[in-house]
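# Chain and residue survey
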Amino acid sequence: MNRILLLTVFLCSFCAASAQTIQVLEIETQEPIPGVAVYNSGKSKSGVTDFDGMVDISAFSEDEIIVFQHISHLKTSLAKSKIIASNNKVYMTTDASSLDEVVLSVSKFGLKKKELPQQIVTVTSEDIQFQNPQTAADLLENSGQVYVQKSQLGGGSPMIRGFSTNRLLITVDGIRFNTAIFRGGNVQNVISIDPFAVERTEVVLGPGSVVYGSDALGGVMNFYTKRPKFSFEEGMSFSGSTTARYATANEEKTGHVDVNIGLKEWAFLTSVTYSDFGDMRMGEHGPDDYLRPEYVETVNGEDVVIPNPDPRVQVPTGYDQINAMQKVRFMPSEKWDFGLNLFYTTTSDYSRYDRLIRRRNGMLRSAEWYYGPQEWLAGNLEARNTAYEGGIYDESIITLSYQRFKESRNDRDFGKPTLFETDETVHAYSAAWDFEKDFAKGKFHYGLEYVFNKVNSNGSQTDITTGISQPDASRYPDGATWQSIAAYSSLQYQLAETLSFQGGLRYNHILLDAMFDERFYDFPFADANLSTGALTGSAGLSWQASEILRWKANFSTAFRAPNVDDVGKIFDSEPGSVVVPNPDLKPEYAYNGELAATLSFDNIVIIELATYMTELKDALVRRDFSLNGQTQIEYQGELSDVQAIQNAAKAEIYGFEAGIEVNFTPHWKLSSQYNITDGFEEDDDGSRNPIRHAAPQFGNTRLTFAKNKWKFNASAEYNGQFDFQDLAPSQAANDFLYAKDAFGNPYSPRWYTLNFAAQYAITEALQLNAALENITDQRYQPYSSGITAPGRNLIVAATYAF
């Protein structure tokens, strides 16, 4: 009996002691928060949460108030008795102020966002999980400061501050994603990046050539993927998550799984996502010009126009996609961290929808127009080293990378037997060595980079009735190469306690070599050889003028060197026009100035304002051209006007950005963002026209509530109007993309959507998400898009973490 009594007392004591260990969690993500300071009012008792957010509070009395403080969360105070009654859990809310946020995209090393003069937008993995973007293009659009154009469902071409396509740079884990065939027309390569694999996205608004080189004229989109996690102790840790998602507008069915295996020095992360997208259904209320009354099918070898039983369904737009990522990480000591990262993405064939709605003499022009599978294979090896004190650097990163990009285009006119096909493969190699050196009042960064691209391209035409194929003109010169050799340095320096400087210089040398195939066209040149250099720089200040006001000012230059797409492409740009090679090109340069202010009233009301102006010189634009004195040639059986990319214009782009955040309570937040971009392009003859990639005014407003296991968000997205006179000439010529005004001219109408989203954590492991987008079922098309946006769309998703 005495033994039983003693055992009972022991067990009760053990349970009571165990009850004194609590866990501190992030309120929205339910993730543990390490490094939280825990103390009483007199600070006579204290503790710090460990890696799992655990801390022992047995030293505190039952009714004592315990304070929880963390650098990136709002301070929280709770009675010990209340904590015990809440299952030993404490939830903390992220601090509304992101002024101490650390960003990587400006120098490839961590810098405090508040001390940088550039405007930077961030999207976290928590944002992605709540917003449920179908593609990385949708992820960017949800940021509120990136406009996205879509020619088809399998698409998404970002626009930033009046720039797009090959005047913006994309990186994945700091590695250049742009290739030598990124074109001036809309590109959809960003959809190869899996949102489920992304830990954090940083968008630098404005030039970024100092760190990233060519193409970074209007902005840099940096995708940082998730990293394997160690166990940091003997034994193995095993964790992961799985997600299932369904959306009604295009009958999306997505499944995702990721698994992390962590050892003390080794860690492995596997991520796989599969998505099946059906045909997109547009909304009910809007212009009838967007409806799809009929489409083409080939029946028994004959092209037939089929009446669409539901003109709101855009046939054909569906496709499927698989994304896979495998990472291996090895950290033998505190000074070395190695990573091997592998990616593979491929799509099915997917229709270029905007080409399928074109008409000739009132009839649908194309029987088929589709992209072959868009494939991205990448592997990179990264070695991070923390040096001993007194060396020429404190930290260095060596990165070696190989990427292979595959794409193809297939088109056939209605009633014609000939299917034209071009296939492209780009092999992209890069090597970079980046360094950081800390000193008393700042940081110095410097590095070297080499990039090599080889383009393989071939063309063919096939008679679909006989299956016989024969060679045809390729889209690009087969075997063309593009190289970039660069060195850069940048300085972040604290001039005073409230004033910091950020500046840098980069020299880049570009080499391009291409040989033209003269079997199909009689070019007046046999090859193109480019060897050119560019010196770019930036300088800016960040000044905390008072507790309320912070000013930022920045001046920067950027460049874009001609690539293989500019110099050597042959393609059908629009009905009746064909673009031909032009070897006589030189780089275009951008000169940018911007001024920004942030007003923070005790982090309760935060107002951000920014204005900018960019001048683009020697702009590479498509203009009329002559080939051997001829202004027209026959291309794919049609007499077409000859055009080429030329240094034939300059441009001025200016804009204004405004944002506000109001934190009514720790649980209620209102945020709003509005963007205005305008400008003109001036030809050599002095004539001025609107900028093609300047988006209409756009913005959003969001009201968010988050507490414990719940999160709700009500939002409005809105977009201004472009009248006929606001359209660039190339857009006015593509009238099939637009609604018609009262005079029969193309224009881009204003639009809005109302949306609601919710998230509920059933348990620590199981989370449900639901959203109803475009509640009022608006029918609209974002500017320059060829596909109409989703109508009313219900999204449901479930995530289980283990």
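Up top you'll find the structure we're talking about.
Residues numbered from 1 in each chain as written. Predicted model: local features only at pLDDT ≥ 70, side-chain atom pairs only at ≥ 80, totals over all residues. Heavy atoms only, no water.

### Notes on the overall build of the protein chain
Scanning the protein chain from terminus to terminus reveals eight helices and 54 strands. Against the compact-globule benchmark of 28 Å for 802 residues, the protein chain has a radius of gyration of 28 Å, which places it among compact chains. The principal-axis extent of the C-alpha atoms belonging to the protein chain is close to 105 × 65 × 50 Å. Here the protein chain holds 802 residues, and 54% of them are scored as buried. Of all intrachain contacts in the protein chain linking residues separated by at least 6 positions in sequence, the fraction that spans at least 24 positions is 65%. (Helix = DSSP H or I, 4+ residues; strand = E, 2+ residues; numbered from the N terminus. Rg over C-alpha atoms; globule rule 2.2 N^0.38 Å. Buried < 20%, exposed > 50% of the residue type's maximum accessible area, 1.4 Å probe, protein only. Contact = heavy atoms within 4.5 Å.)

### Things to note about the pairing of strand β20 (residues 266–277)
Along β20, the buried face is formed by Ala267, Leu269, Ser271, Thr273, Ser275 and Phe277; none of Trp266, Phe268, Thr270, Val272, Tyr274 and Asp276, which line the opposite face, is buried. Pairing analysis gives ten bridges linking strand β19 (residues 252–262) to β20, with the strands arranged antiparallel. Bridging across to β20, threonine 254 finds its partner in serine 275. Turn length for the β19-β20 hairpin, with the two strands adjacent in sequence and antiparallel, is three residues. (Pairing = 2+ DSSP bridges.)

### As for the environment of alanine 440
Of note, alanine 440 is situated in the loop between β33 (418–439) and β34 (442–463). Residues alanine 440 and alanine 526, spaced 86 residues apart in sequence, show a C-alpha to C-alpha distance of 57 Å.

### Overview of the sheet that holds strand β3 (residues 46–48)
The strand order across the open sheet formed by four strands is β3-β2-β5-β6, and the pairing between neighbours is antiparallel. Of all strands in the sheet, those with a lone pairing partner are β3 and β6 (73–79), marking the two edges. When the angles between neighbouring strand axes are averaged without regard to direction, this sheet yields 15°. (Axes fitted to C-alpha atoms, helices over the stretch in contact; angles between N-to-C directions.)

### A closer look at the side chain of glutamate 115
Inspection of the secondary structure puts glutamate 115 in the loop between β9 (111–112) and β10 (119–124). Lysine 112 is the oppositely charged side chain nearest to the buried, salt-bridge-free glutamate 115, at an N-O distance of 4.8 Å. Ignoring anything within four residues of it in the chain, the contact list for glutamate 115 reads Gln492, Gln494, Ser500 and Ser542. (Lys, Arg positive; Asp, Glu negative; His and termini not counted. Salt bridge = Lys/Arg side-chain N within 4 Å of Asp/Glu carboxyl O.)

### Description of a nonpolar patch on the surface
Among the surface-exposed residues, Leu340, Leu342, Leu381, Ile398, Leu400 and Trp433 lie close enough to one another that they form a single nonpolar patch of about 500 Å² accessible area. Looking at the nonpolar patch, the elements with two or more residues in it are β26 (336–347) and β32 (395–413). Positionally, leucine 340 belongs in strand β26. (Patch = residues over 30% accessible without salt bridge, like charges linked within 9 Å, V, L, I, M, F, W, Y side chains within 5 Å. Areas by Shrake-Rupley, 256 points an atom, 1.4 Å probe, with all protein chains shown as cover.)

### Quick word on the pattern of salt bridges
Overall, the coordinates contain 41 salt bridges when judged by the stated rule. Between aspartate 215 and arginine 176 there is a salt bridge, with the nearest N and O atoms lying 2.9 Å from each other. Of the two residues, aspartate 215 sits in the loop between α5 (209–212) and β17 (219–225) while arginine 176 sits in strand β15 (residues 175–176), which places them 39 residues apart along the sequence. Arginine 176 sits in the buried class, given a relative accessible area of 12%. Here arginine 384 ties to glutamate 395 by a salt bridge, and the two come within 3.5 Å at their closest N and O atoms. Remark: glutamate 395 occurs in strand β32 and arginine 384 occurs in strand β31 (residues 375–386); sequence separation between them is eleven residues. We classify arginine 384 as partly exposed; its relative accessible area is 22%.

### Some thoughts on the side chain of glutamine 483
Locating glutamine 483 in the fold gives a position in strand β36 (residues 480–496). Only 2.7 Å separates the side chain of glutamine 483 from the side chain of tyrosine 450, close enough to count as a polar contact. (Polar contact = N/O pair within 3.5 Å; in protein donor to acceptor, adjacent residues only side chain to side chain.)

### So, the packing of aromatic side chains
Counted by the stated rule, this structure contains 30 aromatic pairs. Aromatic pair tyrosine 319 and tyrosine 350: ring centres 5.5 Å apart, planes at 45°, arrangement tilted. With tyrosine 319 in strand β25 (residues 319–333) and tyrosine 350 in strand β27 (residues 350–351), this residue pair connects regions lying 31 residues apart in the sequence. Plain terms: the ring middles of tryptophan 369 and tyrosine 371 are 5.5 Å apart, the flat faces sit at 65° to each other, and that makes the pair edge-to-face. Look at tryptophan 369 and you get buried, because its relative accessible area is 7%. Looking at tyrosine 371, the relative accessible area reads 3%, which means it is buried. Members of the aromatic cluster, joined through ring pairs, are Trp668, Phe705, Trp710, Phe712, Phe756 and Tyr760. When the ring centre of tyrosine 612 is taken as origin, the NZ or CZ atom of arginine 161, which lies over that ring, is 4.2 Å away. The lysine or arginine in question, arginine 688, covers the ring of phenylalanine 680, its NZ or CZ lying 3.8 Å from the ring centre. (Phe/Tyr/Trp six-rings, centres within 6.5 Å; stacked < 30°, edge-to-face > 60°. Lys NZ or Arg CZ within 6 Å of the ring centre and 35° of its normal.)

### Observations regarding the nonpolar core
Counting 90 residues, the largest nonpolar core has Val190, Ile193, Phe223 and Val564 as the members making the most contacts within it. Broken down by element, the residue count for this core peaks at seven residues, all from strand β45 (residues 638–663). Apart from residues no more than four positions distant in its own chain, isoleucine 193 is found in contact with Ala136, Ile170, Val172, Phe177, Val198, Phe223 and Asn323. (Core = buried A, V, L, I, M, F, W, Y, C linked by side-chain atoms within 4.5 Å.)

### A short note on the sheet that holds strand β1 (residues 21–26)
The strand order across the open sheet formed by three strands is β4-β1-β7, and the pairing between neighbours is mixed. Across the chains shown, the open sheet's two edge strands, defined by having one partner strand only, are β4 (54–56) and β7 (89–92). Each adjacent strand pair in this sheet contributes to an overall mean axis angle of 30°, direction not counted. Bridging between β1 and β7 involves four bridges; their strand directions are parallel. Bridge pairing links valine 24 to valine 90 in β7.

### What to know about the environment of tyrosine 319
Overall, tyrosine 319 belongs to the buried group, its relative accessible area being 3%. Sequence-distant contacts of tyrosine 319, defined by excluding residues within four places in its chain, comprise Thr135, Leu153, Gly154, Ile191, Ser275, Asp276, Phe277, Thr347, Ser348, Asp349 and Tyr350.

### Points about the pairing of β33
In terms of strand pairing, β32 meets β33 through 17 bridges, oriented antiparallel. In the strand pairing of β33, lysine 406 is matched with threonine 425. Joining the antiparallel neighbours β32 and β33 is a turn of four residues, in which glycine 415 adopts a positive phi near 80°. Pairing analysis gives 22 bridges linking β33 to β34, with the strands arranged antiparallel. Bridging across to β34, alanine 428 finds its partner in asparagine 453. The hairpin formed by β33 and β34 contains two residues between the paired strands.

### As for the environment of glycine 467
Its place among the elements puts glycine 467 in the loop between β34 and β35 (469–472). The exposure class of glycine 467 is exposed, given its relative accessible area of 51%. For the pair glycine 467 and leucine 419, spaced 48 residues apart in sequence, the C-alpha to C-alpha distance is 9.9 Å.

### Some thoughts on unusual backbone geometry
Along the chain, valine 315 connects to proline 316 via a cis peptide bond; the corresponding omega equals -10°. Within the fold, proline 316 resides in the loop between β24 (313–314) and β25. The phi dihedral of aspartate 777 is positive, around 60°, even though this residue is not glycine. Checked against the element boundaries, aspartate 777 lands in the loop between β53 (766–773) and β54 (793–801).

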